[in-house]
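# Close look at the chain arrangement
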Amino acid sequence: MRISARICRGLLPGCVLLLSSAAAWGQEAETAAKKMGGTIEEVLVTARKRAENLQETPVAVTAMSGDDLRAMGILSTTELSKSVPSLQINDSTSAQIFIRGIGQRAPMARFDPSVSVYLDGIFIPRPDGQLLDTIDVESVQVLRGPQGTLFGKNNTGGALVFTLSKPEDVAGGYIEGGLGSYAENRLRAAVNMPVNDELLTRLSINSHRRDGFLEDRSIGETQSVDRLSAIFQTRWLASDSLTLDTLAFWGKIRERYPTYHCKIVNDDALFVNGLGLLWPGDTDPSNPRAYRENCEANDRDALPDLVTNQGDQQYQVKNQDVLLLGATLDWELSADHSIKGIFGYRDAVKGGPQSNADEGGPQPFLRGIVLGDSDQESLTLELQFNGRLFDGAVDYTAGLFWQDEYKNERFMVGSPLVGADSTTLAQLLAGEMPNPALVPPGGTNPPVIGALVPLATVQDFEIFGETAAAFAQATWHITENWELTLGGRYTEESRDSELATRSADLAAVSAALTTADPRFVLLEPERGIHSFLGTWSQDPLSIAQNIMREAFPDIIGAPLGAADNYQTSSVFKEFTPMASTSWVLPETLLENSLIDSAMVYATWSNGFKSGFHEPSGVDGLAVVEPELLENREIGFKIDALQRSLRFNVALYSMIFENMQLITVNVDSANSLIVTSQNAGESTIEGGEFELTWLPTVNTLITLSYSNNNYSFVEFEDTALAPLAVAQELVAIDRSDEEFAVSPRQTAALGVQYTLDTELGMFTPRVDLSYKGEVYMGLDNASWDVAKREPGLVYADDYILVDLRLSWSNSANDLNIAAYVKNATDERYDIGAVATGESLGTYAQALGDPRFYGVEVFKRF
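Description of the structure in this document. (Residues numbered from 1 in each chain as written. Predicted model: local features only at pLDDT ≥ 70, side-chain atom pairs only at ≥ 80, totals over all residues. Heavy atoms only, no water.)

## Quick word on the overall build of the chain
A count of helices and strands for the chain gives 11 helices and 53 strands. Dimensions along the principal axes, computed over C-alpha positions, put the chain at roughly 95 × 55 × 55 Å. The buried share among the 860 residues of the chain stands at 59%. Considering only contacts within the chain whose residues lie at least 6 apart along the sequence, 71% involve residues at least 24 apart. When the accessible surface of the chain is split by element, carbon and sulfur atoms take 56% of a total near 33,000 Å². Of note, the chain has its 64 positive side-chain charges centred 3 Å away from the centre of its 117 negative side-chain charges. (Helix = DSSP H or I, 4+ residues; strand = E, 2+ residues; numbered from the N terminus. Buried < 20%, exposed > 50% of the residue type's maximum accessible area, 1.4 Å probe, protein only. Contact = heavy atoms within 4.5 Å. Areas by Shrake-Rupley, 256 points an atom, 1.4 Å probe, with all protein chains shown as cover. Lys, Arg positive; Asp, Glu negative; His and termini not counted. Charge placed at Lys NZ, Arg CZ, Asp CG, Glu CD.)

## Digging into the sheet that holds strand E4 (residues 87–91)
The strand order across the open sheet formed by 3 strands is E4-E5-E6, and the pairing between neighbours is antiparallel. For this open sheet the edge positions go to E4 and strand E6 (102–103), each flanked by a neighbour on one side alone. Of the strand pairs in this sheet, strand E5 (residues 95–99) and E6 are connected by 2 bridges, and their pairing is antiparallel. When the bridges of E6 are listed, Ile99 appears paired with Ile102. (Pairing = 2+ DSSP bridges.)

## A closer look at the pattern of salt bridges
Applying the stated criterion across every chain yields a total of 47 salt bridges. In this structure, the salt-bridge partner of Asp226 is Arg209, at a minimum N-O distance of 3.3 Å. With Asp226 in strand E16 (residues 225–237) and Arg209 in strand E13 (residues 199–210), this residue pair connects regions lying 17 residues apart in the sequence. Exposure remark for Arg209: the relative accessible area of 36% places this residue in the partly exposed category. For Asp321, the salt bridge goes to Arg254, with nearest N and O atoms at 3.1 Å. Here the residue Asp321 occupies a position in strand E20 (residues 317–332), and Arg254 occupies one in strand E17 (residues 242–256), the gap between them amounting to 67 residues. Of the residues examined, Arg254 reaches a relative accessible area of 32% and is grouped as partly exposed. The network of salt bridges with common partners includes Arg100, Arg144, Glu633, Glu688 and Glu690. (Salt bridge = Lys/Arg side-chain N within 4 Å of Asp/Glu carboxyl O.)

## Looking at the sheet that holds strand E19 (residues 307–308)
Taken in spatial order, the 3 strands line up as E15-E14-E19 in an open sheet, and their pairing is mixed. Strand pairing shows two members of the sheet lacking a second neighbour, strand E15 (220–222) and E19, which therefore form its edges. Inspection of the sheet shows strand E14 (residues 214–216) paired to E19 by 2 bridges, in the parallel sense. Each bridged residue has a counterpart across the sheet, and for Asp216 the counterpart in E19 is Thr308.

## Considering the state of the cysteines
One pass over the full model with this rule turns up 1 disulfide. With its sulfur 2.1 Å from that of its partner, Cys262 forms a disulfide with Cys295. One quick way to see it: the torsion about the S-S bond of Cys262 and Cys295 is about -110 degrees, and its sign makes the bridge left-handed. Taken together, the residues Cys262 in strand E18 (residues 261–264) and Cys295 in helix H5 (residues 290–296) connect sequence positions 33 residues apart. Across this residue pair, the class does not change: Cys262 and Cys295 are buried. (Disulfide = S-S within 2.5 Å.)

## Regarding the pairing of E16
Both E13 and E16 contribute to a ladder of 12 bridges, which runs antiparallel. Note that in E16 the partner of Arg209 across the bridge is Asp226. Where E16 lies against E17, 11 bridges are found, and the strand directions are antiparallel. Bridge pairing in E17 places Thr234 opposite Thr246. In sequence, E16 turns back onto E17 through a hairpin of 4 residues.

## Notes on the nonpolar core
Counting 29 residues, the largest nonpolar core has Met64, Leu69, Leu80, Leu87, Ile97, Leu160 and Phe162 as its most contacted members. Excluding residues that lie within four positions of it along the chain, Leu80 makes contacts with Met64, Leu69, Ile74, Leu87, Val140 and Leu160. Counting residues in hydrophobic clusters, the runner-up holds 26 residues, among them Ile449, Ala504, Phe532 and Trp536. (Core = buried A, V, L, I, M, F, W, Y, C linked by side-chain atoms within 4.5 Å.)

Quick look at the structure:
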């Protein structure tokens, strides 16, 4: 097993020293340890589909109870990344969940997640519905590393496993309310309503509203919160051996995601100066400024704090309605064998229109918009067989999984009519890069405008998928302390995609222009090129833009021609095996030492993320193959100091093949398209640790750290400029680039002290979260910018400080807390992308500023 030498040098020597020195200390050290007051409770996890002690489970997993989440003030899944190592969650236009640098960057329906979410065992397939508020949650488990055997496809990074609090046989519940800055108000409540001894029910509700903290000069507040959800559960105790749990989840979101800022990062980008194009507002072809000034009008450095300027044609809409139905049947066949059946149905409607991409300025020069409503519907069935064989010598889990999924999406990209000096246009039509030195000063050549950048392309995309899988995993307890686990999963997925593409009707565009203003004269119908019988100083591009807005006032902004229809079918098949071994150190080895228990393990596991069909502009659909991940991991888990200290470490080396990466390209109509490709091979080598320490009965300290080193082994791409201008394929090697979006280093520190007084229990708490700098480039030119001036395309590292003071009464059924999140009012980015080769801009979305508030929790 090969593990990064850098990580081993950083983490492993200290870990080995801790083990060896602790084992060598004698009775004096043990006596000192007994003076410690705190004891860490046993934590049960279900990372292997059965309840096990966290410290004896050979999986890197972080587990938090509902009480833990409440003590830390965690209200949604996004906040988990503040304390869980190697976890990064960005929530701007959509959910972006990364574990160990592996995740899905784009929000489009065709992309599957790399980190999957499970709610009570039900697979939630789409990323838009994953950022569940932690409503009525009993526990959250973050499984790091590929989980391809027991959890199936789309778990190359890991999995988030949520378990709801179940109905109880005694009436009762809780109510929680909170008020905070930015007019925040929230209410949570849950109540148990047993019908009789056999039928139990539970109802929980959640309402959370908050004004947006960003102010856009055109559309007002953005990054607001407006969520309402409810869960109804039943538990039928049919017999001592048969239990049926059901749930119905309904959720509604009506929010505005954040507007973002714009910064020019590359003057030679195609749309800045590279192609010599002119945009509405340009009046001198020898000195084009409109595109640059449009971005600079929304530059963060030029605006007041928490203010953006993206214009009135932005649709920062996050509307979603979700219905989730589930049922779980547990049947104990005997003391050693059981069957579990899991049913899940999900229907999510994502409301539009929703702006998804643009160059970042207030004028709508380049737009990407999801039109109308997008539907996502899925049905999942899973049958599990669990038990023990050979008098408990072997634990096993086996089963079958089936999923049927449908999703659709209507997406458009568009731009205004653009112009060029006749010299520049002649060079472009000849397949040559323009030479700005040949453009006469002052714009003496007649103006020429047209659809040099496509006016509008609208795609209606439907995806039908069916997945079937069979899996098995068995653990052989070779001795009382040593076990061996083997498993595998075979998955077969069929995917059918249907795409209808419609482009702008340039004949209708020409008719509108020439009718409204006879100074426009058609020169070349195929590209909609017109001359303007006037001068550049009259700003003919703005004149044309105003005519288009009046003639075609809808959101598309241009007439559409007939549809071109495409259909593609594929079947993806993968086998994902795993093997692990673990050894619990015998008590005899730990006698007279500071260590109470210790387990070491080694794991080899595999995962895959489903392939899909990628729209390629007017060129139809291309097949993107599944991405594969092989993980080799070693680790240990220790309880020490009379179980007042817990220290868990994982070191890993992963080989990533056929990475699905977002790139910028052009289609045969010379339209700029954001597309996907398999990038070849990369490696991820890293390490992470988690420490929990109770130095006294009243003091809790938690510490976590992760260090991930990402590198491409093979990443071939195509240079955009030669392709756009001359349709020439020029291969480029991008293997020296960094991974985007996910930081190399993360760390978290939490300190909590409980003071028990006659007036009740006071608990102050401070949490610090560190995220390292992150590369945000999308294309090769962005990496060139990074090498020249890293600050232009990197999100800076940052530290967030959260403060909390809570009070509980002596019965512990009433809790009042005051909190401050991001107490230092740090400015940091939660979503950003730099496209240095085409757009030449860096779009940056800000994270939450300082928030404060109070909350009251009452149990009854």
